[in-house]
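Residue-level structural notes
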Amino acid sequence: MGGSISAHQSEGGWDVDGKGLNYMDLVTSGSYEIPREMTEEIENDKNYPSHYGIDFYNRFRDDIQMFAEMEFKALRISIDWSRTFPKGIEEHPNQAGLDFYHEVIDRLISHDIEPIVTLYHFEMPMYLVKEYGSWLNREVIDKYLHFCETIFKSFKGKVRYWATFNETNHLDPQTELSDIFTYLLTGIKYSDLGDKKQAMAEMGYNMTVASSKAVELGHKIDPNNKIGCVFGLTSIYPFNCKPENIMNNFKDMDRNFYQIDAMCNRKFPEYKLKEYQRLGIKLEISTEDKESFRMATLDFIGINYYSSSVSKYNGSEEVEAIFADVQNPYLEQSKWGWSIGPIGLRYMMNYVYRRYGIPVMITENGLGAVDELDSERNIHDDYRVEYFKQHITEMKKAIIEDGVDCLGYLTWGPIDVISATTGEMRKRYGFIYVNQDNSGNGSRRRKKR
Ligand code: BG6
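Residues numbered from 1 in each chain as written. Predicted model: local features only at pLDDT ≥ 70, side-chain atom pairs only at ≥ 80, totals over all residues. Heavy atoms only, no water.

**Quick word on helix α2 (residues 56-69)**
At Asp-62, α2 shows its maximal kink, close to 40°. Those residues of α2 not exposed but buried are Phe-56, Tyr-57, Phe-60, Asp-63, Ile-64, Met-66 and Phe-67. Two residues or fewer after α2 comes Glu-71, characterised by a positive phi angle close to 65°. (Bend = angle between axes of the 7 residues up to and from the residue. Helix = DSSP H or I, 4+ residues; strand = E, 2+ residues; numbered from the N terminus. Buried < 20%, exposed > 50% of the residue type's maximum accessible area, 1.4 Å probe, protein only.)

Printed below as a string of structure tokens:
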């Protein structure tokens, strides 16, 4: 039991102690109605939330102290690639960046909080985007592996649980999520991609190869390492029982799983290659890649679960889903349109565990809401308490009644952080409130809800 945060949503300190520019440093704040924007350069009149985050860079000691008081057993953080390798091409890391993460991790360990480290959570050095073309270029796989090797070696014996990537599954030639997740995952704007389907497939594939290679490397460096990958998994339900809809629902679910199949079943899945063929996408799978898939399998699968969704048959074979705009009439929605479906968590845990037979870890779960302060500056977030109660109940059923091997349960944003999809502060998830508004103003003082 514990929580998850990421570097660019919490740290701030975007240009200190030798850190390089990462692509999230160029993404502005937005809202539910106004999409975030990625600018070419830093523009003085724009608000870039990663520049200040919640100032975890300076306040992590007190924050960890609060997590310890709340009896956290684990904290998942991410290491900002650009803090350790400012451009991503250096041979030797930026020592100040490494020192920061050592201090964070040492402090967690001193409080008996298990550090769980994500190696890539929506950021990379901007230099690799601009000069190399991000994940479209296979050389970036080597740069990523060099970064991973450095981190695995530096934290050997301190960190046991790793995640190679966060939510790469959102990169797929056929999902509506592409627009936002393309820049969140690659630093390239969807509109800037030439042949979009081809590019999405290539980037998704290259990240899958990179993950498998990182798993192999991490096991070599320390056989005690438990290395997983984190996926954003939405339980997708068919629109109705019309057989075509059931078939399409099956395919929609599959879109979230092709990478896990490659990372766990020792080969890139045939059904995905066939789908690419039908879409005119060409993918080269080298002998070396095949060997990488064959050599490495994940030790656990990280499940980020927030909501379920409904897929809808639209008459064509290739449909869109995930956060599709078909509302499930049996479920309520959050203010940001995410349905609240606790049974979907039990369903997903069973689905993943039965499909792969390896442990799962709930790496993110939580409710983003606008929290109002009362006259005494207290928050009564009964809705969030209810959300957690319901989800934890379903998770227990999956473990106790269904026998799913679950390594842990981490809530998203145990302390309020910047929203990834909207860049807002007002979409809060925390047990700890941070006094900061959407423009980054406020004392940033922390207060337990
Ligand atoms: C997950 C991401 O997709 O969802 C997190 O891994 C993100 O980075 C979380 O913060 C919640 O999304 P949002 O947009 O509400 O912050």
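**Some points on the confidence of the model for the chain**
For the chain, mean pLDDT is 94; residues scoring 70 or higher make up 97% of the total. Note on residues 317-324: pLDDT is under 50 here. Beyond four places in sequence and across chains, it has 31 contacts. (pLDDT = per-residue confidence, 0-100. Contact = heavy atoms within 4.5 Å.)

**Remarks on the pairing of strand β4 (residues 161-166)**
With six of its six residues buried, β4 lies for the most part within the structure. As judged from the three bridges shared by strand β3 (residues 114-118) and β4, these two strands associate in the parallel manner. Residue pairing for β4: Val-117 is matched across the bridge by Trp-162. Here four bridges tie β4 to strand β5 (residues 226-232), and the two strands are oriented parallel to one another. (Pairing = 2+ DSSP bridges.)

**Here we look at the nonpolar core**
Nonpolar side chains in soluble globular proteins tend to be buried together. Of all hydrophobic cores here, the largest spans 117 residues; its most connected members are Trp-81, Trp-135, Tyr-144 and Met-349. The leading source of residues in this core is helix α8 (residues 196-221), at eleven residues. Dropping the residues within four chain positions of it, Met-349 is found in contact with Ile-303, Val-360, Ile-362, Met-395, Ala-398, Ile-399, Val-404 and Cys-406. In this structure, Ala-74, Tyr-161, Phe-300 and Met-361 belong to the second largest nonpolar core, which totals six residues. (Core = buried A, V, L, I, M, F, W, Y, C linked by side-chain atoms within 4.5 Å.)

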